[in-house]
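Topology and contacts: notes
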Amino acid sequence: MLNFKMTPKKAYIHTFGCQMNMHDSEKMAGILLNEGYTLTDAPQDADIIVFNTCSIRQKAEQKFRSELGRTKSLKKEKPFLRIAVAGCIAQQQGRGIIKNNPQVDYVFGPQNLQRLGDMIRAGGPGVLTGDIPVGDSTLREISDSDLPVLRKDAIRAWVSIMYGCNNFCSYCVVPYTRGREKSRPAGSIYEEIRKLASAGFKEVTLLGQNVNSYKSEIGFGGLLRQIDAIEGIERIRFVTSHPRDFSEDLIECIKELPKVCEHIHLPLQSGSSRILKGMNRGYTYEDYMRKADKLIKKIPGIAITTDIITGFPSETVDDHASTMMALRAVEFDGIFAFKFSSRPGTKAAVMDEKVPDSVKSQRLAEILELQDEITLKKNKALEGTMQEVLIEGASKTDKGKITGRTRTNKIVNFSGNKVSPGQIADVSIVKAMRHSLVGIDSQREEELMFKDKDFR
Ligand code: SF4
């Protein structure tokens, strides 16, 4: 008789894509823990492998497909191995995934991740996506308060405040994969964050595709004000904001609420109003600049980061020049820039005048080179300043140093031995680099002023 090792059961989760997906993986990890699994970093040791997929760009999809391909031989060696495909590709392709990859047991979309435990207990195979329900599955509203979550970090936590998106940007699959926008009740969010504070978490990042269109009886500003009053939480961040919905009230919240950090991720996508129209973004370059200008004037020192897509269909040399001009005008603290990636089912996928890949690559390189200069310049301006740093732990890149982040979300590595994760330290910035800052060394400890904000 074959004697397969069944206990302790191990789960391997491979996450592709955005913070929304990473947080969804934390929820899946919590569910798997409840089902008796422990997490492993080695897929070959796993009893279940979960791929939490992303379809926002072709590259992420290709990467997933090659990882999935490797599981064929694993399944042959270990027939009891269960393979699950979750996330946006699962939602889009449903049963097709099992048809083309018979080693896959379960497929479920982002709105059905709470059913992972049910699927495992029911055996396999199963498909649960928004538009391809199986058996008695009905699309159930996710209530995060009911879900177990295994968080990766003990200091900083992601909290979903809404799901889906109604914007239908012409290049984006999210409204098709994550469904229409749905806000979580404010009370449920407040309760989750109150519990996080009691558990010692210091920072929360509110997650949604378009957080500033959050809808409830108190609105997004009201939600921020409520969370700001929670004892124990020191910092509040939120991502992603849509420039069209970015209101005066939100600027006031960032300015007035002590725990709301002075950092905003505000995706511009292009500096050309013509291209923005083609993208269906709902604002012009001038609208964006007016808002960015207000932010910079009202909140001195605020860090603004953005997303840029280069080579959108019909993008001309002049459109590209407008984007370069926008980078110089706003002086973003950082950008995420990508070549346009045609996604099946979106309006942009069938647009004419595709930009050749070599041109996209050239434009992307120019954008990244310019931004590198700007980021360094902005970081250099912090040399000699004192920054409030929330300590995360030992530095992974700078051995023997402590790492943390400023309120503007910049990484600081510094020496010191009197601090522990979750504390807030005032750190003097002595050197700036493109991707991080260096704080004053512990040899000059007397020059470090620690604010003792230890766990209460
Ligand atoms: S706002 Fe646009 S880019 Fe963002 S998720 Fe919604 S449709 Fe996609």
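The structure this text deals with has already been given above.
Residues numbered from 1 in each chain as written. Predicted model: local features only at pLDDT ≥ 70, side-chain atom pairs only at ≥ 80, totals over all residues. Heavy atoms only, no water.

Moving on, we come to the overall build of the protein. Across its full length, the protein holds 13 helices and 20 strands. Taken across its 456 residues, the protein has 56% of its residues classed as buried. Put simply, 71% of the contacts in the protein that link residues at least 6 apart link residues at least 24 apart. Carbon and sulfur atoms form 53% of the exposed surface of the protein, whose accessible area is close to 20600 Å². (Helix = DSSP H or I, 4+ residues; strand = E, 2+ residues; numbered from the N terminus. Buried < 20%, exposed > 50% of the residue type's maximum accessible area, 1.4 Å probe, protein only. Contact = heavy atoms within 4.5 Å. Areas by Shrake-Rupley, 256 points an atom, 1.4 Å probe, with all protein chains shown as cover.)

Turning next to the site of the ligand. Taken together, Cys165, Asn167, Phe168, Cys169, Tyr171, Cys172, Val174, Pro175, Gln209, His242 and Arg281 are the residues near the ligand. For the shell around the ligand, the per-class residue count stands at seven nonpolar, three polar and one charged. (Near = heavy atom within 4 Å. Nonpolar A, V, L, I, M, F, W, Y, C, P; charged D, E, K, R; others polar.)

The subject of this paragraph is the pattern of salt bridges. For the structure on display, the rule yields 36 salt bridges. With a shortest N-O distance of 2.6 Å, Lys75 and Asp105 are connected by a salt bridge. Here Lys75 is found in helix α2 (residues 58–77), whereas its partner Asp105 is found in the loop between α4 (95–100) and β5 (106–108), with 30 residues between them in sequence. Across the pair, exposure class does not vary: Lys75 and Asp105 are buried alike. Beyond isolated ion pairs, a larger network of salt bridges with shared partners links Glu35, Arg115, Asp118 and Arg121. (Salt bridge = Lys/Arg side-chain N within 4 Å of Asp/Glu carboxyl O.)

Another point: the sheet that holds strand β13 (residues 303–310). The three strands lie next to each other as β12-β13-β14, forming an open sheet whose pairing is parallel. The sheet is open, and its two borders are formed by β12 (263–265) and β14 (334–339), each paired with just one other strand. Taking each pair of neighbouring strands and ignoring which way they run, the sheet shows an average axis angle of 10°. Relative to β14, β13 is paired through six bridges, and the arrangement is parallel. (Pairing = 2+ DSSP bridges. Axes fitted to C-alpha atoms, helices over the stretch in contact; angles between N-to-C directions.)

Let's shift gears to the environment of Ala29. Within the element layout of this structure, Ala29 appears in helix α1 (residues 19–34). Taking C-alpha positions, Ala29 is 8.1 Å from Ala11, a pair spaced 18 residues apart along the chain. Once residues lying within four places of it in the same chain are set aside, the contact partners of Ala29 are Ile13, Leu39 and Leu150.

Under the 1.5 Å per step criterion, the end-to-end length of helix α11 (residues 285–298) is 20 Å for 14 residues, consistent within 8% with the ideal 20 Å. The complete set of buried residues in α11 reads Tyr285, Tyr288, Ala292 and Leu295. The buried side chains of α11 occupy one side of the element, clustering within an arc of 90° when seen end-on. Projecting away from the buried face of α11 at angles above 90 degrees are the exposed residues Arg290 and Lys297. If you follow the buried residues of α11, they end up packed against α9 (248–256), β12, α10 (273–278), β13 and α12 (317–330). (Expected span 1.5 Å × (residues − 1). Arc of directions from axis to C-beta.)

Now for the pairing of strand β11 (residues 235–239). Summarising burial for β11: five of the five residues are buried, a large majority. Residues of β11 alternate between two faces, with Arg235, Arg237 and Val239 on one and Ile236 and Phe238 on the opposite face, all of them buried. Of the strand pairs in this sheet, strand β10 (residues 203–207) and β11 are connected by five bridges, and their pairing is parallel. Across the sheet, Leu206 pairs through a bridge with Phe238, a residue of β11. A crossover connection joins β10 to the parallel β11 through helix α8 (residues 219–228); in handedness this β-α-β unit is right-handed. (Right-handed = clockwise from strand over helix to strand, strands pointing away.)

This part takes up the packing of α11 against α12. α12 packs onto α11 with a crossing angle of 15° between their chain directions and a minimal axis gap of 11 Å. In this view, α11 runs roughly parallel relative to α12, as classed from their interaxial angle. Between α11 and α12 lies a crossing of right-handed hand. Within the contact between the two elements, α11 uses Tyr285, Tyr288, Met289 and Ile296 and α12 uses Met325, Ala326, Ala329 and Val330. (Parallel < 35°, antiparallel > 145°, perpendicular 65-115°, else oblique. Left-handed = near helix turned anticlockwise from the far one by under 90°.)

Take the packing of helix α7 (residues 186–198) against α8 next. Axes are the key here: two packed helices are described by the angle between their axes and the distance separating the axes. In the contact formed by α7 and α8, the axes pass within 10 Å of each other and the chain directions differ by 25°. Taken together, α7 and α8 sit at an angle that is classed as roughly parallel. Considering only the axes of α7 and α8, their crossing is right-handed. Here α7 contributes Ala186, Ile189, Tyr190 and Ile193 to the contact with α8, which in turn contributes Leu223, Gln226 and Ile227.

A complete count under the given rule lists seven aromatic pairs for this structure. Among the aromatic residues, those joined into a ring-pair cluster are Phe16, Phe51 and Phe64. Geometry around Tyr37 places Lys9 over its ring, the cationic atom sitting 4.6 Å from the centre. Sitting over the face of the ring of Phe338, Arg57 holds its NZ or CZ atom 3.4 Å from the ring centroid. (Phe/Tyr/Trp six-rings, centres within 6.5 Å; stacked < 30°, edge-to-face > 60°. Lys NZ or Arg CZ within 6 Å of the ring centre and 35° of its normal.)

Taken by themselves, the reported measurements are silent on function.
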